Amino acid sequence: MPTYAFACRACGNAFDQRHSMAEIPDQVECPECSEPAPRAISNPRLGVGNTTAMKLQDATRATADAPQVVTQLPGRPRKPTPVSRNPLHQKLPRP
Ligand SMILES: [Zn+2]
């Protein structure tokens, strides 16, 4: 259920309530002064939450703005290329 913002004109109280999208009231009772409080227009809260998917998106977005500086490639260090000491290998054609 989405969260809707309401603002009481009598006491100035601003509060949020959750209602189903099929039954959005135009006004609700203010929890502080019991006067009718109309629904207020608020910005969509698209970034509110703490899910793993949102953390991944934030981390991915952050790499575009502030990439991490590394001094070496990640993973194990590369092994040196083995060199043959066999004299017969010296006679093989070179690429
Ligand atoms: Zn009120």
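The paragraphs below set out a description of the structure included in this document. (Residues numbered from 1 in each chain as written. Predicted model: local features only at pLDDT ≥ 70, side-chain atom pairs only at ≥ 80, totals over all residues.)

## Side note on the environment of Pro36
Which entries qualify depends on this criterion: Secondary structure elements follow DSSP: runs of H or I of four or more residues count as helices, runs of E of two or more count as strands, with numbering from the N terminus. Residues are defined as contacting one another if the C-beta atoms placed from their backbone atoms lie within 7 Å.
For Pro36, the location among the structural elements is in strand E4 (residues 36-40). With 30 residues separating them in the primary sequence, Pro36 and Phe6 have C-alpha atoms 9.7 Å apart. Dropping the residues within four chain positions of it, Pro36 is found in contact with Gln27 and Glu29.

## Comments concerning the sheet that holds strand E2 (residues 14-18)
What counts is decided by this rule: Strand pairing is assigned whenever DSSP detects at least two bridges linking the two strands. For helices, the fitted line uses only the C-alpha atoms of the stretch in contact; every axis is such a line through C-alpha atoms, and the angle between N-to-C directions lies from 0 to 180 degrees.
Reading across the sheet, the four strands line up as E2-E1-E4-E3 and stay open at both edges, with antiparallel pairing between neighbours. The open sheet has two edge strands with one neighbour each: E2 and strand E3 (27-29). Across the sheet, the mean angle separating the axes of adjacent strands is 45° when strand polarity is ignored. Across five bridges, strand E1 (residues 3-7) lies against E2 in antiparallel orientation. Bridging across to E2, Ala5 finds its partner in Asp16.

## Describing the pairing of E2
Selection criterion: Exposure classification rests on a simple neighbour count of other C-beta atoms within 10 Å of a residue's own: a residue reaching 20 or more is buried, one at 12 or fewer is exposed, and one in between is partly exposed. C-beta atoms are placed from the backbone.
With zero of five residues buried, E2 lies mostly on the surface of the structure. Where E1 hands over to E2, the hairpin turn is made up of six residues, of which Gly12 adopts a positive phi near 80°.

## A closer look at helix H1 (residues 52-65)
Quick note on the threshold: Here the expected span of a helix is defined as 1.5 Å times the quantity of residues minus one.
Along its 14 residues, H1 runs 20 Å from first to last C-alpha, staying within 8% of the 20 Å computed at 1.5 Å per residue. Within H1, only zero of the 14 residues are buried, which leaves the element largely exposed.

## What about unusual backbone geometry?
At Ser34, a position not held by glycine, the phi torsion is positive, near 65°. Turning to its location among the elements, Ser34 is positioned in the loop between E3 and E4.

By themselves, these are just geometric observations and shouldn't be taken as functional.
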